[in-house]
Amino acid sequence: MPPKPKITRSMIIDAAFEIIRNTGIETVNARTVSNKLNCSTQPVMYHFKTIEELKSAVYDKADAYHSAYLMNIHSDNPMKDIGLNYIQFAVKEKNLFRFLFQSNEFSGKNMTELINAEELQPILSILCEESAVNPEQAKIIFRSLFLLAHGYASMFANNEMAYDEQIVLSDLSLIYTGAINALKGEN
């Protein structure tokens, strides 16, 4: 009889990621992950002392996946693409969106800390360049755009709503242009 395949930490993270993606974070436990891998729960608990430790590792994977999704820029307006990508992620990846942004991961943080996060710097750099504003103004514009995009994304991730890209684009453009004009003192 051939030896059983070795279950790696990476395989466990990938299996839990797929479970979250398909059925949500609530369904992740040692048994569901081991069933996905066709193994006992022993390898899961060997690599991860707790399910919370596994969820944390999967969060990192989901966050990297989300970041790559956001940065799929395909037009001459990167901020529009990023905003649309954020909302489309919530439409297409409802469970991952809820896991990343509605699981109390940001407990104890405030909006300033989130906007100053290192991971956000590439987006803020794009915003500075695209709208010809300084870094502090870019943070204000981003906050306005983010709150609108997050509101839309949350609605789509938690409800069976029809996605109308033209309305979303119109609202993103309105907030983006309005924020830039307000910061530059233009009407």
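Engineer: Describe the overall build of the chain, with residues and values.
Structural biologist: Of regular secondary structure, the chain possesses ten helices and zero strands. When the elements of the chain are put in sequence order from the N terminus, they spell out α-α-α-α-α-α-α-α-α-α. By its C-alpha atoms, the chain is 75 × 35 × 30 Å across when sized along the principal axes. Looking at the chain as a whole, 40% of its 187 residues are labelled buried. Intrachain contacts of the chain at a sequence separation of at least 6 include 63% that bridge at least 24 residues. With the model as given, the accessible surface of the chain reaches about 10700 Å², and the carbon-plus-sulfur share is 54%. Put simply, the chain has 17 plus and 22 minus side-chain charges, and the middle of one group is 10 Å from the middle of the other.

Engineer: Can you tell me about the packing of helix α5 (residues 78-92) against helix α8 (residues 121-131), naming the residues and giving the values?
Structural biologist: Two elements in contact, α5 and α8, have axes whose closest approach is 9 Å; the angle formed by their N-to-C orientations is 140 degrees. Comparing their axes, α8 and α5 come out oblique. The segment α5 lies against α8, with P78, M79 and I82 engaging I123, I126, L127 and E130. The class makeup of the residues in the contact of α5 with α8 is six nonpolar, no polar and one charged.

Engineer: Go over helix α1 (residues 9-23), please, and point to the residues and values.
Structural biologist: With 15 residues, α1 ought to run about 21 Å at 1.5 Å a step, and its terminal C-alpha atoms sit 21 Å apart, in line with that. Taken as a whole, α1 has its buried residues at I12, I13, A15, A16, F17, I19 and I20. Looking one or two residues beyond α1, the residue adopting positive phi is G24, at roughly 100 degrees.

Engineer: Could you give an account of unusual backbone geometry, naming the residues involved and the relevant values?
Structural biologist: Phi is positive for N38, close to 55 degrees, though the residue is something other than glycine. With respect to the helices, strands and loops of the structure, N38 is situated in the loop between α2 (30-37) and α3 (42-47). A positive phi angle, close to 55 degrees, is found at A132, a residue other than glycine. In this structure, A132 sits in the loop between α8 and α9 (135-158).

Engineer: Describe α2, naming the residues involved and giving the relevant values.
Structural biologist: Residues of α2 that are buried include every one of A30, V33, S34 and L37, and no others. Mapping the buried residues of α2 onto a view down its axis gives an arc of 95 degrees, with all of them on the same face. The backbone nitrogen of R31 lies 2.9 Å from a side-chain oxygen of the residue at the head of α2, namely N29. Where α2 terminates, the next one or two residues include N38, which has phi positive at roughly 55 degrees.

Engineer: Tell me about the side chain of H66, and name the residues and values.
Structural biologist: Checked against the element boundaries, H66 lands in helix α4 (residues 51-70). Of the residues examined, H66 reaches a relative accessible area of 4% and is grouped as buried.

Cut-offs applied
Residues numbered from 1 in each chain as written. Predicted model: local features only at pLDDT ≥ 70, side-chain atom pairs only at ≥ 80, totals over all residues. Heavy atoms only, no water. Helix = DSSP H or I, 4+ residues; strand = E, 2+ residues; numbered from the N terminus. Buried < 20%, exposed > 50% of the residue type's maximum accessible area, 1.4 Å probe, protein only. Contact = heavy atoms within 4.5 Å. Areas by Shrake-Rupley, 256 points an atom, 1.4 Å probe, with all protein chains shown as cover. Lys, Arg positive; Asp, Glu negative; His and termini not counted. Charge placed at Lys NZ, Arg CZ, Asp CG, Glu CD. Axes fitted to C-alpha atoms, helices over the stretch in contact; angles between N-to-C directions. Parallel < 35°, antiparallel > 145°, perpendicular 65-115°, else oblique. Nonpolar A, V, L, I, M, F, W, Y, C, P; charged D, E, K, R; others polar. Expected span 1.5 Å × (residues − 1). Arc of directions from axis to C-beta. Polar contact = N/O pair within 3.5 Å; in protein donor to acceptor, adjacent residues only side chain to side chain.

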